[in-house]
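Take a look at the letters that make up each chain.
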Amino acid sequence: MQAFRTYLADFVSLIFPQLCPACRASLMANEDILCTDCLYNLPFTNFHQKPDNIVARQFWGKLNIEGAYALYYFNKGGKVQNMVHEFKYNGMQHIGNLLGNMAGKQLIQNPVFTTVDYIIPVPLHQKRLKTRGYNQSACFAEGLATSLSGIVELNNLIRTVATKTQTHKSRFARFQNMQEVFAVARPKVLENKHVLLVDDIITTGSTLEACGIELLKVPGLKLSIATIAYAE
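Residues numbered from 1 in each chain as written. Predicted model: local features only at pLDDT ≥ 70, side-chain atom pairs only at ≥ 80, totals over all residues. Heavy atoms only, no water.

J.: Help me understand the environment of Ile95, please; the structure alone is not making it clear to me.
T.: Tracing the backbone through its elements, the reader meets Ile95 in helix H5 (residues 93–107). Distance in space between the C-alpha atoms of Ile95 and Phe140 is 8.2 Å, their sequence separation being 45 residues. In contact with Ile95, not counting residues within four places along its chain, are Pro21, Ile33, Met83, Glu86 and Phe87. (Helix = DSSP H or I, 4+ residues; strand = E, 2+ residues; numbered from the N terminus. Contact = heavy atoms within 4.5 Å.)

J.: It is not clear to me how the side chain of His194 should be interpreted in this structure. Could you clarify?
T.: Along the chain, the position of His194 falls in strand E6 (residues 194–202). Residue class for His194 comes out buried when judged on its relative accessible area of 5%. (Buried < 20%, exposed > 50% of the residue type's maximum accessible area, 1.4 Å probe, protein only.)

J.: Teacher, can you tell me more about the packing of aromatic side chains here?
T.: Applying the stated criterion across every chain yields a total of 2 aromatic pairs. Look at Phe47 and Tyr73: their rings are 5.7 Å apart centre to centre, the planes differ by 85 degrees, and that puts the pair in the edge-to-face class. Of this pair, Phe47 sits in the loop between helix H2 (36–41) and helix H3 (54–58) while Tyr73 sits in strand E1 (residues 65–74), and the two are 26 residues apart along the sequence. (Phe/Tyr/Trp six-rings, centres within 6.5 Å; stacked < 30°, edge-to-face > 60°.)

J.: In this structure, what is going on with the layout of surface pockets? I would like to understand it.
T.: Here the idea is plain: a probe the size of a water molecule rolls over the atoms and shows the empty space left. Computed from the structure, the second largest pocket encloses a volume of approximately 250 Å³. Together, 16 residues line the second largest pocket, and Pro123, Leu124, Gln126, Leu129 and Asn155 are the ones closest to its centre. Elements supplying a minimum of two residues to the lining of the second largest pocket: strand E2 (118–121), helix H6 (126–132) and strand E4 (157–159). Sort the elements by how many residues they give to the lining of the second largest pocket and E4 lands first, with 3 residues. Counted by class, the lining of the second largest pocket contains 9 nonpolar, 5 polar and 2 charged residues. (1 Å grid on protein atoms, 1.4 Å probe; cavity = no way out; pocket = protein on both sides within 12 Å on 5 of 7 lines; lining within 4 Å. Points joined across faces, edges and corners; volume = space filled by probe spheres on them. Nonpolar A, V, L, I, M, F, W, Y, C, P; charged D, E, K, R; others polar.)

J.: What am I meant to see in the packing of H5 against helix H7 (residues 136–145) here?
T.: If you want to describe how two helices pack, look at the angle between their axes and the distance between the axes. The geometry of H5 relative to H7 is characterised by a closest axis approach of 6 Å and an angle of 45 degrees between their N-to-C directions. In terms of axis orientation, H5 runs oblique to H7. Every pair of crossing elements has a handedness; the one defined by H5 and H7 is right-handed. Residues Gln93, Gly96, Asn97, Leu99, Gly100, Asn101, Ala103, Gly104 and Leu107 of H5 pack against Cys139, Phe140, Glu142, Gly143 and Leu144 of H7. (Axes fitted to C-alpha atoms, helices over the stretch in contact; angles between N-to-C directions. Parallel < 35°, antiparallel > 145°, perpendicular 65-115°, else oblique. Left-handed = near helix turned anticlockwise from the far one by under 90°.)

Next up, the structure:
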């Protein structure tokens, strides 16, 4: 009976194939979300084993952080870009949950991240949130929380200004675009806590820096950063 069910599931997948969002290959019955090849062979950074990794170095002299991390390297036109696009724009929120869970399993191997009290996603402005229907960074945060001890804290770090896309801006223009965009609504909750600030992609780090500046105004707050990918 089990063999028949497996055969039937594989047959249905041939007619109505579910595709891997990274490589777009058809998923087999025993595969979920990502194909086996992508699950194990996408370009992992292993930054959880490298305290002075390139993400951490982006914030030297800018933010006082405990640790910084990205799960993957992001290359234009690559599989990680395909996956993030599906996750971010085509409603595949479960990708973010999966990647968060995977990242969390790496981060718990690093003592810095085992003391996280709250996981805070970079917020979207309400207009963009209404249009998209979800915050991709919040999906990633929820996945992280399944492996880390931190609690996902939503609607505390808020975006007060709706900014235009950062995609084609220079580093300086991105930084200027992020000035006075964020605010902490309930700072008392975060006093003397270790906060893990999370986003999908880090390029110049200007958005995370702007968020971090506001968070570090909270007395006693310790800050770490995690993203799905680092864009080289």
